[in-house]
Amino acid sequence: MGGGTTTAELDVVLEKHRTELTGYCYRMLGSSFEAEDAVQDTLVRAWRSYEKFEGRSSLRSWLYRIATNVCLDMLAAGNKRARPMDLTDSTPLAQAALSPRPDNTWLEPVPDALVLPSVADPAEAAVAKESVRLAFMAALQQLPPKQRAVLILREVLAWRASEVAELLDISVAAVNSALQRARATLAERADRDPEGGVSDPLDEEQQKLLERYVKAFEGYDMTALTALLHEDAVMTMPPFDLWLRGTADITGFMTTMGASCAGSRLLPVQVNGLPGFAHYKPDEEKGGFSPWAVQVLEISDGRITGLHCFLDAPRSFPLFGLPLHLEAEADEVEKGE
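Presented here is a report on the structure given in the accompanying data block.

Calculation rules
Residues numbered from 1 in each chain as written. Predicted model: local features only at pLDDT ≥ 70, side-chain atom pairs only at ≥ 80, totals over all residues. Heavy atoms only, no water. Pairing = 2+ DSSP bridges. Helix = DSSP H or I, 4+ residues; strand = E, 2+ residues; numbered from the N terminus. Axes fitted to C-alpha atoms, helices over the stretch in contact; angles between N-to-C directions. Contact = heavy atoms within 4.5 Å. Salt bridge = Lys/Arg side-chain N within 4 Å of Asp/Glu carboxyl O. Buried < 20%, exposed > 50% of the residue type's maximum accessible area, 1.4 Å probe, protein only. Disulfide = S-S within 2.5 Å. Phe/Tyr/Trp six-rings, centres within 6.5 Å; stacked < 30°, edge-to-face > 60°. Core = buried A, V, L, I, M, F, W, Y, C linked by side-chain atoms within 4.5 Å.

Section: the sheet that holds strand 3 (residues 265–271)
Reading across from one edge, 2-1-6-5-4-3 is the order of the six strands in this open sheet, with mixed pairing throughout. Two strands bound the open sheet, and with one partner strand each, they are strand 2 (240–245) and strand 3. When strand polarity is set aside, the average angle formed by the axes of neighbouring strands in this sheet is 20 degrees. Direction of pairing for strand 1 (residues 229–237) relative to strand 2: antiparallel, over a ladder of four bridges. Opposite Thr236, over in strand 2, you have Trp243 as the bridge partner. Here helix 8 (residues 134–141) sits on the sheet in contact with strand 4 (274–282), strand 5 (289–300) and strand 6 (303–310), set at roughly 90 degrees to strand 5.

Here's what the structure looks like:
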């Protein structure tokens, strides 16, 4: 190792940057799993070429340069991850059909702990959370890759234009131009797709709303659930491209095609800067409950406006440190006997 740095010391130094790099790569790629792969590749490349790092920039800037190149290479295939409402119109319940699309079609949920470093400044923490919310992430995925990198580096990470220009090997004028175009695209999408207002931390009203939601969902009480949903609430279920709008279609789906979710259990999770739940469905074979979905909730004006159910649970639950089975509680066992 150059500069007297030992292998162990370098490992520690590089590892300190893992969370913020994962957040950057997640915003670039829209996939929690691809982001982890990209960061691992970044750290391996940095480790191997550390002797060539001459300190002309900070170590952090150098790592971001490597991470950006890794992400741009991964994005060269042109795949844009999306939400169901970015791809199709909403479907009336009477015409609902569950048609899956490949995993790489979809924007993936991510645990806050994986991508949001601890920061002392509440304003900085709030910006970081907002920048991984589903609506913002979906808008980012519509930007060309270099515009995406410019916007993230300038607006989210607060880099100077000159620093971004050096990292991307382009002029400051090109950075400013790319940022202007990216902002225009995001502003246009924001007009069509306004995002709900979630307090950070959640205020008392929002906490009570979530408690009522858990009670209504676990009790499969559609009357109670309807009272919590905005009349134009949206429900999505990747990998299926079906999405529903309005309380009647959402609760109608839950009592017909989704009826097997009755009797489920919800555990709270922090996901994409929003409140969410790990959804466990009753396991008829083993007893207890098995992973079914990561739910991400969007809230505005005291109502739930978005219920996004990511159904790739056995794959995603380990990211959240969640068990792959819940035992039935004693009172439930007694009821079943």
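Points about the pattern of salt bridges
Overall, the coordinates contain 14 salt bridges when judged by the stated rule. Glu204 is the salt-bridge partner of Lys208, the closest N and O atoms lying 3.4 Å from each other. Taken together, the residues span about one helical turn, with Lys208 and Glu204 both in helix 12 (residues 204–218) at a distance of four residues. Glu204 sits in the exposed class, given a relative accessible area of 56%. One salt bridge in this structure joins Asp312 and Arg315, with 3.1 Å as the shortest N-O distance. Through salt bridges with shared partners, a single network forms among Glu34, Arg81, Glu108, Asp312 and Arg315.

Some thoughts on the state of the cysteines
A covalent bond between the sulfur atoms of two cysteines is what we call a disulfide. Scanning all chains against the criterion turns up zero disulfides. Here Cys25 is not disulfide-linked; the sulfur of Cys71 is the nearest cysteine sulfur, at 3.6 Å. With relative accessibility at 0%, the residue Cys71 sits in the buried group.

Remarks on the packing of aromatic side chains
In the structure shown here, the tally under the stated rule is seven aromatic pairs. Where Tyr213 meets Phe217, the ring centres are 5.8 Å apart and the plane angle is 40 degrees; that geometry is what we call tilted. One end of the pair, Tyr213, and the other, Phe217, are both in helix 12, four residues apart, so they sit about a helical turn from each other. Using a relative accessible area of 1% as the deciding quantity, one classes Tyr213 as buried. With relative accessibility at 3%, the residue Phe217 sits in the buried group. Feature note: the residues Tyr213, Phe217, Tyr220 and Phe277 constitute an aromatic cluster, connected by ring pairs.

Here's the deal with the environment of Ala216
Mapped onto the fold, Ala216 is located in helix 12. Setting aside anything within four residues of it in sequence, one finds Ala216 in contact with Asp221, Ala224, Leu225 and Leu228.

Observations concerning unusual backbone geometry
Backbone torsion omega between Pro238 and Pro239 reads 20 degrees, so that peptide bond is classified as cis. Among the structural elements, Pro239 can be located in the loop between strand 1 and strand 2. A positive phi angle, close to 60 degrees, is found at Ala158, a residue other than glycine. Along the chain, Ala158 falls in the loop between helix 9 (145–156) and helix 10 (161–168). Phi at Asp301 takes a positive value of approximately 50 degrees, unusual for a residue other than glycine.

As for the pairing of strand 2
Within strand 2, five of the six residues are buried, which leaves it mostly tucked inside the rest of the structure. Between strand 1 and strand 2, which follow one another and run antiparallel, lie two residues.

Describing the environment of Phe53
Tracing the backbone shows Phe53 in the loop between helix 3 (32–49) and helix 4 (59–74). As a C-alpha pair, Phe53 and Thr105 span 52 residues in sequence and 37 Å in three-dimensional space. Discounting chain neighbours no more than four positions away, the residues touching Phe53 are Ser58, Leu59 and Trp62.

Quick word on the environment of Asp301
Mapped onto the fold, Asp301 is located in the loop between strand 5 and strand 6. Residue class for Asp301 comes out exposed when judged on its relative accessible area of 77%. Residues Asp301 and Glu205, 96 residues apart in the sequence, show an inter-C-alpha distance of 9.7 Å.

Comments concerning the side chain of Asn272
When you line up the elements, Asn272 lands in the loop between strand 3 and strand 4. Residue class for Asn272 comes out buried when judged on its relative accessible area of 0%. If near-sequence neighbours (up to four positions away) are discounted, Asn272 is found in contact with Tyr26, Glu108, Pro109, Val110, Asp112, Lys129, Val132, Arg133, Leu134 and Met137.

Some remarks on the nonpolar core
With 72 residues, the main nonpolar core has Tyr24, Cys25, Tyr26, Met28, Trp62 and Leu151 as its most contacted residues. Residue contributions to this core peak at nine residues, all from helix 4. Listed in part, the 31 residues of the second largest apolar core include Ala96, Tyr220, Ala233 and Ile304.

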